[in-house]
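Each chain, letter by letter, is given below.
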Amino acid sequence: MAQMAAAISSEPTQDDLTMATLAHALSILGFIAPLVIFLVKRQSRFVSFHALQALLWQIAYFILIMVAMVGWLVMMFFMVAQTAVNKGAAPPVGIFVLFPLFWLLLMGGGICNLIFAIVYSIKASRGEWANYPIFGRLARKFLKMGPTGAGMV
């Protein structure tokens, strides 16, 4: 029985490969697809590992974007308030500095999101147990699995 469980965990089926690939590919649209795949395919360690990685990345990406947006709005509020106090003053230079930085953050995050989705979709379709840089270790800890997908003792 233990040998059969090890064979199942090391050899994902074609359905498992497809679902793991979809978890990464559909993560471009947000965290809902990886979450649904993670919840639906819990019995497959391969799919749940890949879906959880994509889900953790999407949650971190969402938090990063929200923090950046709140920071942007707070900075803009203070700059506009300061300009209103000094009537007739030139527009604040900070707007011209912060807007490109905010834009670069959004574009850089979007590009990272796209690259992660493509690269890890390809790896999942090949049957690899590939780790996201930080989130792979977290996913393995949450799912209590070793480097090959087998359970930890």
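Note on numbering: residues in each chain are counted from 1, in written sequence order. Residues qualify for local features only when their pLDDT is at least 70, as the model is predicted, and side-chain atom pairs are given and counted only at 80 or more; totals for whole chains, interfaces and linings, by contrast, use all residues. Excluded from the side-chain calculations are hydrogens and water; all other atoms, namely the structure's heavy atoms, are used.

(A) Local environment of the packing of helix 4 (residues 45–85) against helix 6 (residues 135–143). Helix axes are fitted only over the stretch in contact, all axes being lines through C-alpha atoms; the angle between N-to-C directions runs from 0 to 180 degrees. Here a strand is any run of E in DSSP of at least two residues, a helix any run of H or I of at least four, and the numbering for each starts at the N terminus. As a packed pair, helix 4 and helix 6 sit with axes 9 Å apart at the nearest point and diverge in direction by 125 degrees. In terms of orientation, helix 4 and helix 6 fall into the oblique class. Here the hand of the crossing between helix 4 and helix 6 comes out right-handed. Touching Arg45, Ser48, Phe49, Leu52, Gln53, Leu56, Trp57 and Ala60 of helix 4 are Phe135, Gly136, Leu138, Ala139, Arg140, Phe142 and Leu143, all from helix 6. Residues are grouped as follows: Ala, Val, Leu, Ile, Met, Phe, Trp, Tyr, Cys and Pro are nonpolar; Asp, Glu, Lys and Arg are charged; all remaining types, including Gly, are polar. Of the residues that constitute the contact of helix 4 with helix 6, the class distribution is 10 nonpolar, three polar and two charged. Should an angle lie under 35 degrees it is considered roughly parallel, over 145 roughly antiparallel, and from 65 to 115 roughly perpendicular; all remaining angles are considered oblique. Definitions for this section: a left-handed crossing has its near helix turned counterclockwise from the far helix by less than a right angle. A right-handed crossing has that turn clockwise. Residues are treated as being in contact if the distance between any of their heavy atoms lies within 4.5 Å.

(B) A look at the packing of aromatic side chains. Planes of paired rings set the category: under 30 degrees apart is stacked, over 60 is edge-to-face and the rest tilted, where pairs are Phe, Tyr or Trp rings (Trp by its six-membered ring) whose centres lie within 6.5 Å. This model, assessed by the stated rule, comprises 12 aromatic pairs. Plain terms: the ring middles of Trp57 and Phe116 are 4.9 Å apart, the flat faces sit at 70 degrees to each other, and that makes the pair edge-to-face. Taken together, the residues Trp57 in helix 4 and Phe116 in helix 5 (residues 93–125) connect sequence positions 59 residues apart. The same class applies to Trp57 and to Phe116, which are both buried. Connected via pairs of aromatic rings, a cluster forms that spans Trp57, Tyr61, Phe116, Tyr120, Tyr132 and Phe135. The rule is simple: take the accessible area with a 1.4 Å probe, protein chains only, and divide by the maximum for that residue type; under 20% is buried, over 50% is exposed, in between is partly exposed.

(C) Focus on the environment of Pro147. Tracing the chain through its elements places Pro147 in the segment after helix 6. Separated by 17 residues in sequence, Pro147 and Ala130 place their C-alpha atoms 9.2 Å apart. If we ignore the near neighbours within four places in the chain, the residues touching Pro147 are Trp129 and Arg140.

Any functional reading would require information that these geometric values do not contain.
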